[in-house]
Amino acid sequence: MTRTARKSMTLRDALAEFVKHPTPWMLIAWSVALLASRISLGGWTIADAITPIALVAISPIAEWLIHVGILHWRPRSWGPVRVDSRLARDHRLHHQDPRDVPLVFIPWPSLIVVVAGVTAIALLAFPRTGIGLTFALTIALFLVFYEWTHYLIHTDYKPRHAIYRAVWRNHRYHHFKNENYWFTVTSSGTADRLLGTYPDPQQVKSSPTVRNLHAPSITG
């Protein structure tokens, strides 16, 4: 499915390709392990309901901050040290070829770091292990949802419902019109509207660097 001609695609077709890639399985396995651990531990409280609600509520802003601050990071050098993460490098390649399906997914080495870091936070940073596991489980399930949504937007599957159509259009504008706007992926008009990156597409000029992040823009 890399650099292929556009074709008609069903959700079943899309799912068949989705499960061929490693990060969805890594995230599902992590989610199952966390869920089993949380059920085994027990001791449910109202915080186990509040935590997922709070995390989902702030997810558009977190998504925006990660997209802007990490994925669109402009490489910098401090003396002999060059700061340019794997996530940022792969994201630049993703902009160069938005139809290259493997580049749509979170790089698996980076995902290992995320899984280890979030799990460590869950086990060490919370006063009760149960709440920590609920915190990590919510993040794991959201990342499964993120991977599927982001992947589906970049396939040839056409939106059939208004909510997904808005999300699809929002991210397509980011990739094919102007890379400086429309940074949310799983929602439309949420954090972008709040943080000033949700303009009227008809009033935004197409960017000459939308496929080549951080390249100097040549104007006449």
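Residues numbered from 1 in each chain as written. Predicted model: local features only at pLDDT ≥ 70, side-chain atom pairs only at ≥ 80, totals over all residues. Heavy atoms only, no water.

Draft legend 1. The layout of surface pockets, seen in detail. In this structure, the largest pocket spans a volume of roughly 750 Å³. Contributing to the lining of the largest pocket are 29 residues, with Ala-62, Ile-66, Ile-106, Phe-142 and Leu-143 lying nearest its centre. Of all the secondary-structure elements, those providing two or more residues to the lining of the largest pocket are helix H3 (47-71), helix H4 (86-96), helix H5 (108-124) and helix H6 (129-153). The class makeup of the residues in the lining of the largest pocket is 20 nonpolar, seven polar and two charged. Residue lining of the second largest pocket: 15 residues in total, with Arg-74, Glu-179, Asn-180, Thr-209 and His-214 positioned closest to the centre. For the lining of the second largest pocket, the class distribution of residues is four nonpolar, eight polar and three charged. (1 Å grid on protein atoms, 1.4 Å probe; cavity = no way out; pocket = protein on both sides within 12 Å on 5 of 7 lines; lining within 4 Å. Points joined across faces, edges and corners; volume = space filled by probe spheres on them. Helix = DSSP H or I, 4+ residues; strand = E, 2+ residues; numbered from the N terminus. Nonpolar A, V, L, I, M, F, W, Y, C, P; charged D, E, K, R; others polar.)

Draft legend 2. Region of the structure containing the UniProt feature "transmembrane region" (unreviewed entry) in the protein chain. Taken from the UniProt record, the annotation "transmembrane region" (unreviewed entry) applies to residues 101-125 and 131-153. As a span, residues 101-125 carries 68% helix and 0% strand, and end to end its C-alpha atoms are 36 Å apart. Within residues 131-153, the helical portion is 100% and the strand portion 0%, while the C-alpha atoms at the span's ends are 33 Å from each other. (UniProt positions renumbered as here; feature names shortened; annotations may be inferred.)

Draft legend 3. Structural detail: the packing of aromatic side chains. A complete count under the given rule lists 11 aromatic pairs for this structure. When the centroid spacing of 5.1 Å and the interplanar angle of 40 degrees are considered together, the rings of Tyr-173 and Trp-182 count as tilted. Accessibility expressed as a relative area gives 1% for Trp-182, which makes it buried. Following the ring pairs from residue to residue traces out a cluster consisting of Phe-18, Phe-105, Trp-148 and Tyr-151. The positively charged end of Arg-38 is found above the aromatic ring belonging to Trp-44, 4.0 Å away from the centroid. (Phe/Tyr/Trp six-rings, centres within 6.5 Å; stacked < 30°, edge-to-face > 60°. Buried < 20%, exposed > 50% of the residue type's maximum accessible area, 1.4 Å probe, protein only. Lys NZ or Arg CZ within 6 Å of the ring centre and 35° of its normal.)

Draft legend 4. Seen up close, the side chain of Asn-170. Positionally, Asn-170 belongs in helix H7 (residues 162-176). Here Asn-170 is in contact with Trp-182, Thr-184, Ser-187, Ser-188, Gly-189, Asp-192 and Tyr-198, once residues within four sequence places are set aside. (Contact = heavy atoms within 4.5 Å.)

Draft legend 5. How the structure looks around H3. The largest bend along H3 measures about 45 degrees and falls at Ser-59, with the proline Pro-60 one to four residues further on. All of the buried residues along H3 are Asp-48, Thr-51, Leu-55, Ser-59, Pro-60, Glu-63, Trp-64, His-67 and Leu-71. Residues of H3 that are buried make contact with helix H2 (22-41), H4, H6, H7 and helix H8 (191-195). (Bend = angle between axes of the 7 residues up to and from the residue.)

Draft legend 6. Summary view of unusual backbone geometry. For Trp-182, which is not a glycine, the phi torsion comes out positive at approximately 60 degrees. Not every positive phi belongs to a glycine, and His-214 is a case in point at roughly 70 degrees. Along the chain, His-214 turns up in the segment after H8.

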